[in-house]
Amino acid sequence: MTTLAIERPKADEHSPYFSRYIDRVPEGDLIALLETQFAETLALLRRVPRDREDFAYAEGKWTVKEVVGHLSDCERVFAYRALRFARNDPTELASFDENAWVANAGFGRRRLADLVDEYDVVRQGTLRLAKSLNADELARRGVANGNALSVRALFYIIAGHERHHVGLFRERYHLS
């Protein structure tokens, strides 16, 4: 499979809200970044001591396990949107409430190692999808939550969303 470089999305390919994630993604090969940054994320998460798995840095904030579950959930949603838009599906897609999803997911009853393994599988699927698309498919757009998004913007959002949470793991959860 030949992998096409994924161009950085322009401002009109996503809502301003998603700039907070896209702006975190450095210039360069996005596929390589999704692979290397994820390897670093996996290593970080696999070093979390058992007594820190249920740690939240403040009242009402998610635990380490909940954040990992959230990362998998969001990546699934963003990759699904990318798939639908790449296939030129004109159906507008609904939003989702990540707080309600975490509250109802039961991540706390699972082992962190299992959540990390699941996230790994989700990322592998994302990478295979991204690598399979051509330039026309990457440029296609759709609407989710009332906002237009391009396929390539969704892959940048995935990368930036991970970077955002890994930054929080380091800064607020004191993981290294």
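On a predicted model such as this, the values are computed, not experimentally measured, just so you know.

1. Digging into the overall build of the protein
Now for step 1: Counting its secondary structure elements, the protein contains 7 helices and 2 strands.
Now for step 2: For the protein, the sequential pattern of α-helices and β-strands runs α-α-α-α-α-α-β-β-α.
Now for step 3: Taken against the 2.2 N^0.38 rule, which gives 16 Å for 176 residues, the C-alpha radius of gyration of the protein at 16 Å falls within 12% of a compact globule.
Now for step 4: For the protein, the C-alpha atoms occupy an extent of roughly 50 × 30 × 25 Å along the three principal directions.

2. With respect to the side chain of His-165
Now for step 1: Along the chain, His-165 falls in helix H7 (residues 151-171).
Now for step 2: The class of His-165 is buried, set by a relative accessible area of 9%.
Now for step 3: Setting aside its immediate chain neighbours within four residues, His-165 contacts Val-67, His-70 and Leu-71.

3. Re the nonpolar core
Now for step 1: Ranked by internal contacts, the top residues of the largest apolar core, which has 33 residues, are Ile-6, Leu-30, Val-151, Phe-155 and Ile-157.
Now for step 2: Among the elements of the structure, helix H1 (19-22), helix H2 (30-46), helix H3 (64-86), helix H5 (112-132) and H7 are those that each provide at least two residues to this core.
Now for step 3: Here this core takes 8 residues from H7, the largest share from any one element.
Now for step 4: Once residues lying within four places of it in the same chain are set aside, the contact partners of Ile-6 are Leu-30, Ile-31, Ala-130, Leu-138, Arg-152, Phe-155 and Tyr-156.
Now for step 5: With 20 residues, the next largest nonpolar core counts Phe-38, Leu-44, Trp-62 and Leu-112 among its residues.

4. Side note on the packing of H5 against H7
Now for step 1: Interhelical geometry of H5 versus H7 gives an angle of 150 degrees and a closest axis separation of 11 Å. In terms of axis orientation, H5 runs roughly antiparallel to H7. Relative to H7, the crossing made by H5 is left-handed. Within the contact between the two elements, H5 uses Tyr-119, Arg-123, Thr-126, Leu-129 and Ala-130 and H7 uses Phe-155, Ile-158 and Glu-162.
Now for step 2: Of the residues assigned to the contact of H5 with H7, the class counts are 5 nonpolar, 1 polar and 2 charged.

5. Digging into the pattern of salt bridges
Now for step 1: By the definition in use, this model includes 14 salt bridges.
Now for step 2: Residue Asp-117 is joined to Arg-46 by a salt bridge in which the shortest nitrogen-to-oxygen separation is 3.2 Å. Here Asp-117, found in helix H5, pairs with Arg-46, found in helix H2; they are 71 residues apart in sequence, far enough to count as distant.
Now for step 3: Residue classification places Asp-117 among the partly exposed residues on the basis of a relative accessible area of 39%.
Now for step 4: The shortest N-O distance in the salt bridge between Arg-76 and Asp-73 comes to 4.0 Å. Of this pair, Arg-76 and Asp-73 both sit in helix H3, separated by 3 residues, roughly a single helical turn.
Now for step 5: A relative accessible area of 15% places Asp-73 in the buried class.
Now for step 6: A network of salt bridges, in which partner residues are shared, links Asp-73, Arg-76, Arg-110 and Glu-118.

6. Notes on unusual backbone geometry
Now for step 1: Phi angles above zero are rare outside glycine, and Asn-88 is one such case at about 65 degrees.
Now for step 2: Even without glycine at this site, His-174 takes up a positive phi of about 55 degrees.
Now for step 3: If you trace the backbone, His-174 turns up in the segment after H7.

7. A few points about the packing of H2 against H5
Now for step 1: Axis separation between H2 and H5 bottoms out at 11 Å; the angle between their running directions is 175 degrees. Between H2 and H5, the angle is such that the two are roughly antiparallel. Contacts between H2 and H5 involve Ile-31, Leu-34, Glu-35, Phe-38, Thr-41, Leu-42, Leu-45 and Arg-46 from the former and Leu-112, Val-116, Asp-117, Tyr-119, Asp-120, Arg-123, Leu-127, Ala-130 and Lys-131 from the latter.
Now for step 2: Within the contact of H2 with H5, the residues separate by chemical class into 10 nonpolar, 1 polar and 6 charged.

How each quantity is defined
Residues numbered from 1 in each chain as written. Predicted model: local features only at pLDDT ≥ 70, side-chain atom pairs only at ≥ 80, totals over all residues. Heavy atoms only, no water. Helix = DSSP H or I, 4+ residues; strand = E, 2+ residues; numbered from the N terminus. Rg over C-alpha atoms; globule rule 2.2 N^0.38 Å. Buried < 20%, exposed > 50% of the residue type's maximum accessible area, 1.4 Å probe, protein only. Contact = heavy atoms within 4.5 Å. Core = buried A, V, L, I, M, F, W, Y, C linked by side-chain atoms within 4.5 Å. Axes fitted to C-alpha atoms, helices over the stretch in contact; angles between N-to-C directions. Parallel < 35°, antiparallel > 145°, perpendicular 65-115°, else oblique. Left-handed = near helix turned anticlockwise from the far one by under 90°. Nonpolar A, V, L, I, M, F, W, Y, C, P; charged D, E, K, R; others polar. Salt bridge = Lys/Arg side-chain N within 4 Å of Asp/Glu carboxyl O.

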